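A closer look at the structure
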Amino acid sequence: MPELVAQNRFAVVAVILFGIGLLNLMLQQNLLKKVIGLSIMDSAIFLLLASLGYIEGQGAPIVEEGCVNASLYINPIPSGLVLTGIVVSVSVTAFSLALIQRIYRRYGTIELPELLERVKKEED
Amino acid sequence: MRPFYENLPFLSIFITILCGVLSSVIRDGRKAHALALAAAAAATVLSAVLLYCVYTRDVSFVYSMGRFAAPYGNAIKAGPLQALLAAAFSAVTGLSLLGGGRALLHDILPEKQGLYFVMTQLLLAGILALIYTNDMFTAYVFIEITTIAACAMVMAKDTGPNLIATIRYLFMSLLGSGLFLMGLALLDSIGGYLLMEPLARAVEILAELGRYHRPLIVSVGLMVGGLGIKAGLFPFHLWLPDAHGGATAASSAILSGVVLKGYIVLLITLMLRVFGLELMREVGVTGIFLALGLMGMIFGSLAAMREYHVKRMLANSSVAQIGYIFMGLGLGTEFGVAAACFHILVHAVCKPLLFLCAGRLSDVSGHHRSLKNLRGSAYRDFAAGVGFTVGALSMIGIPLLGGFVSKLYLSEAALESPSMAAALLTIAASTVLNALYYVPATLAIWVRPPWEEIRDVMRDVKPEDTRFDRSFFAAAALLMGLVFLLGIAYHPVMDVIYAGIRLM
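The rules behind each value
Residue indices begin from 1 for each chain and proceed along its sequence in written order. Both sets of labels track the order of writing: A upward for chains, 1 upward for ligands. Given that this is a predicted model, residues contribute local features only at a pLDDT of at least 70 and side-chain atom pairs are listed and counted only at 80 or more, while totals for whole chains, interfaces and linings are drawn from all residues. Derived side-chain values reflect all non-hydrogen atoms in the structure, with water molecules and hydrogen atoms excluded from consideration. Only DSSP runs of H or I reaching four residues or more are called helices, and only runs of E reaching two or more are called strands; each is numbered from the N terminus. Think of it in three bands: residues with accessible area under 20% of the maximum for their type are buried, residues over 50% are exposed, and the middle band is partly exposed, with areas taken using a 1.4 Å probe on protein chains only. Only heavy atoms enter the contact rule, under which two residues are in contact if any of them lie within 4.5 Å. Computed with the Shrake-Rupley method and a 1.4 Å probe, the accessible areas treat only the protein chains shown as cover for residues. Charge convention: Lys and Arg are scored as positive, Asp and Glu as negative, and His as well as the terminal groups of each chain are ignored. A charge is said to be at NZ when it belongs to Lys, at CZ for Arg, at CG for Asp and at CD for Glu. Two rings from Phe, Tyr or Trp (for Trp, the six-membered ring) form a pair when their centres are within 6.5 Å of each other. A pair whose planes differ by under 30 degrees is stacked, one over 60 is edge-to-face, and the rest are tilted. Whether a charge sits over a ring comes down to the Lys NZ or Arg CZ being within 6 Å of the ring centre and within 35 degrees of the ring normal. With axes taken as lines fitted to C-alpha atoms, and helix axes fitted only over the stretch in contact, angles between N-to-C directions fall between 0 and 180 degrees. Should an angle lie under 35 degrees it is considered roughly parallel, over 145 roughly antiparallel, and from 65 to 115 roughly perpendicular; all remaining angles are considered oblique. Three classes are used: nonpolar for Ala, Val, Leu, Ile, Met, Phe, Trp, Tyr, Cys and Pro, charged for Asp, Glu, Lys and Arg, and polar for all others, with Gly counted as polar. Each patch is built from residues that are more than 30% exposed by relative accessible area and take part in no salt bridge. Like charges join if they lie within 9 Å; nonpolar side chains (Val, Leu, Ile, Met, Phe, Trp, Tyr) join within 5 Å. Criterion for a salt bridge: a side-chain nitrogen of Lys or Arg within 4 Å of a carboxyl oxygen of Asp or Glu. Strand pairing is assigned whenever DSSP identifies at least 2 bridges connecting the two strands. To estimate the expected span of a helix, count its residues, drop one, and scale the result by 1.5 Å. Accessible area that two parts lose when put together, evaluated with a 1.4 Å probe and summed over both, is termed the buried area. Under this definition, polar contacts are N or O atom pairs within 3.5 Å; protein pairs additionally need one hydrogen-donor-capable and one acceptor-capable atom, and for neighbouring residues in sequence, both atoms have to be side-chain atoms. Put simply, buried Ala, Val, Leu, Ile, Met, Phe, Trp, Tyr and Cys residues joined by side-chain atoms within 4.5 Å make one nonpolar core.

Considerations on the overall build of chain B
Tallying secondary structure elements over chain B gives 22 helices and two strands in all. Burial statistics for chain B: of 504 residues in total, 65% are counted as buried. In chain B, of all internal contacts separated by at least 6 residues, the share reaching a separation of at least 24 is 82%. With the model as given, the accessible surface of chain B reaches about 17,400 Å², and the carbon-plus-sulfur share is 68%. For chain B, the distance from the average position of its 35 positive side-chain charges to the average position of its 29 negative side-chain charges is 5 Å.

Have a look at this one:
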């Protein structure tokens, strides 16, 4: 069992991080903390993806002087996915933070239960 | 040399993105509006031409993007079903923008109007890409683009409740796409490919050998669950009523008519092209869809019955209608999927019609939203009243209208299923429940209230609001025409869907 965990250490850490992020996103009532939970969740997925493409002892897939030997390099596709994923995650985070700022300006609080109560009053 | 029509899917996506970028530099809201309409019309025409070409030749084709050949690189795959859905969604987006145009220019700050149309165009491009893509990771990227654009469209009408609705919508959507991405990472690690066909072969081999059975189930569950959250599947629908009910009429129409369906279309592509229906039945996904769909049909309608706010009532009814679609998928047969596709089309036409008409009725009643204040409003805009009535009758399932045919097909599909009794009973119960809130709503807008009440409401009405709205009239008439078309000429549409599923 310990060897299995050590072998899959990246996956284990990724799943734990994903759980932490998910719980934060679901259970925290502060909007900012929810966004942080979301970022942790995304980072966990990127860790998993990056570790999937890594092959022990091999280098970055940069082809030198036309010498192509696939066995020298790590798998580049997951790395490419992680890069794209990071771009998506950054833009989503920026969008949520801008939205939270706007909410704070209008209501003066970013606690979700309080906000919901205020909205209910506003509608009545 | 490839035939020219194979370029059409790429062109329609590219044109909408290009017009979106152009809109960001147009300051004048009216010009940006015209550009958005032109882009949606162009996408509709291109998709319709594509539909004609692929349906008459009975083919589907893979169009590789960039220099890398399969099994690497990126690709588009289009067949009759994709072309039909793309044409319908582009048309509905265009008509929603056309019909909601006046309310939109009223609801959104003038300096932000150009940016709003950037979002509508990106949204349409994202939906088209979700329909056409043959690559899992491209699907993920466009899911996120669609999500951001959809949230921006909700918050475009800048009120406090809308901001809160947007942030709840955003968090639920991001949770959904996070789950999808996690599932995708797992699937990539055991399947090894991102293009759908090589991935499907790898999944088939894995399923046959029984290797990595648990990771496969987990990844299927994560991806399906993520898409279900985004599509508003019961019980993950709690964000939906506020987000769809608060936005401006055109946004509500596009969000409920097109955006929810975009994710379901991706789900159908996954079910048919990647995992295969057999595997979905085996791991129990279809059973879960069936159960949640049936529950959504009942509980969505019950929630709608309690609403006094007309747009939130329509949004809750969307939850029930999404339940119908998932019930069709949950039957786990190709006929069930075809019926679900038909219901996607019917709801994509019918719900925007209802939202536009409800928006117009509240505009001519001093922007009041509760049903009580809308009494007799149909006489103030006759077209909106007729449109609302037609949409409501179609939702209930009156013959000659689209809703009747889709319920017929769904029931027929349920007959072959082991859970026939539950499905048929729920369809019947849900129909009664639909009638229980759509009939009173329809009666409310047609019954003249006492004179004093009209006077109270009319005090808030500005004369320019009651002026005849030509673009609304055109959009409502066209959408009504489509509802009747789906209700009368359903055989050709169904043939296209069957051909599309065969050529998936």
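Here's the deal with the packing of aromatic side chains
Residues and elements named next belong to chain B. Summed over all chains, the structure comprises 15 aromatic pairs over all chains. Between the aromatic rings of Phe335 and Tyr409, the centroid separation amounts to 6.2 Å while the plane-to-plane angle is 90°, which identifies the pairing as edge-to-face. Separated by 74 residues along the polypeptide, Phe335 in helix α15 (residues 334-363) and Tyr409 in helix α17 (residues 402-415) bring together distant segments of the chain. Taken together, Phe335, Phe342, Tyr409, Tyr490 and Tyr498 form an aromatic cluster joined through their ring pairs. Here Arg360 stacks its cationic end above the ring of Phe472, 5.9 Å away from the centre of that ring. One cation-aromatic arrangement involves Arg448 over Tyr379; the distance from NZ or CZ to the ring centre is 3.9 Å.

Side note on unusual backbone geometry
All names here are of chain B. Of note, the bond from Phe234 into Pro235 is cis; its omega dihedral lies within 30 degrees of zero at 0°. With respect to the helices and strands, Pro235 occurs in the loop between α9 (213-231) and α10 (240-246). Of note, Tyr212 is a non-glycine position whose phi angle comes to about 50°, a positive value. Looking at where Tyr212 falls in the secondary structure, it is placed in the loop between α8 (196-209) and α9. The class of Tyr212 is partly exposed, set by a relative accessible area of 42%. One non-glycine residue, Leu400, adopts positive backbone phi at about 80°. Along the polypeptide, Leu400 turns up in the loop between α16 (382-396) and α17.

As for the packing of helix α1 (residues 8-23) of chain B against helix α2 (residues 29-57) of chain B
All names here are of chain B. Where α1 contacts α2, the axes come no closer than 9 Å and their chain directions differ by 180°. In terms of their interaxial angle, α1 and α2 are classed as roughly antiparallel. Together, Leu8, Pro9, Leu11, Ser12, Ile15, Thr16, Cys19, Leu22 and Ser23 of α1 and Leu35, Ala39, Ala42, Ala43, Leu46, Val49 and Leu50 of α2 make up the contact between the two elements. For the contact of α1 with α2, the per-class residue count stands at 13 nonpolar, three polar and no charged.

A look at a negative patch on the surface
Residue and element names in this part refer to chain B. A cluster of acidic side chains, namely Glu204, Glu208, Glu278 and Glu282, defines a negative patch on the protein surface. Residue assignment for the negative patch shows that the elements contributing at least two residues are α8 and α12 (277-282). As for its position among the elements, Glu282 is in helix α12.

Notes on the pairing of strand β2 (residues 74-78) of chain B
Side-chain direction in a regular strand flips from residue to residue, so the side chains alternate between the two faces of the sheet. All names here are of chain B. Of all five residues that make up β2, four are buried, and the element is covered over most of its length. Examined bridge by bridge, strand β1 (residues 61-65) and β2 share five bridges and lie antiparallel to one another. Counterpart to Val62 in the pairing with β2 is Lys77.

Some points on the pattern of salt bridges
All names here are of chain B. Across all of its chains, the model carries ten salt bridges over all chains by this definition. The salt bridge partner of Arg360 is Asp381, with a shortest N-O separation of 2.7 Å. With Arg360 in helix α15 and Asp381 in the loop between α15 and α16, this residue pair connects regions lying 21 residues apart in the sequence. Residue class for Arg360 comes out buried when judged on its relative accessible area of 5%. Among the residues examined, Asp381 registers a relative accessible area of 8% and is labelled buried. A cluster of three or more residues bridged by salt bridges with shared partners is formed by Arg168, Asp242, Glu307 and Arg312.

Looking at helix α22 (residues 490-502) of chain B
Residues and elements named next belong to chain B. Given a rise of 1.5 Å per residue, 13 residues ought to cover 18 Å, and the 18 Å separating the end C-alpha atoms of α22 matches this to within 8%. Every buried residue belonging to α22 is among Val493, Met494, Val496, Ile497, Ala499, Gly500 and Ile501, and all of these are buried. If you follow the buried residues of α22, they end up packed against α2, α3 (80-99), α11 (249-275), α15, α17 and α21 (470-488).

Some words on the interface of chain B and chain A
Chain B puts 31 residues into the contact, and the matching count from chain A is 34 residues. Across the chain B to chain A interface the summed buried area is about 3,100 Å²; carbon plus sulfur atoms make up 84%. Counting the surface chain B buries against chain A, the share from its top three residues, Ile164, Phe171 and Met182 of chain B, is 20%. Summed over the shared surface of chain B and chain A, the result is two salt bridges. In this structure, the salt-bridge partner of Arg106 of chain A is Asp158 of chain B, at a minimum N-O distance of 3.3 Å. At the boundary of chain B and chain A, one finds two residue pairs in polar contact (both at pLDDT 80 or more). At the level of elements, α6 (136-155) and α7 (160-191) of chain B are the ones that each hand at least two residues to the side of chain B that touches chain A. A total of 18 residues in the side of chain B that touches chain A trace back to one element, the largest contributor, which is α7 of chain B.

A look at the nonpolar core
Residues and elements named next belong to chain B. With 208 residues, the main nonpolar core has Met136, Phe275, Leu329 and Ile497 as its most contacted residues. Per-element tally for this core: the top contributor is α15, with 20 residues. With residues up to four places along the chain from it excluded, the contact list for Phe275 reads Leu187, Val203, Val220, Met223, Leu270 and Met280.

Section: the environment of Arg30 of chain B
All names here are of chain B. Looking at the element boundaries, Arg30 is found in helix α2. For Arg30, a relative accessible area of 59% puts it in the exposed group. In this structure, the C-alpha to C-alpha distance between Arg30 and Gly101, residues 71 residues apart in sequence, is 9.0 Å.

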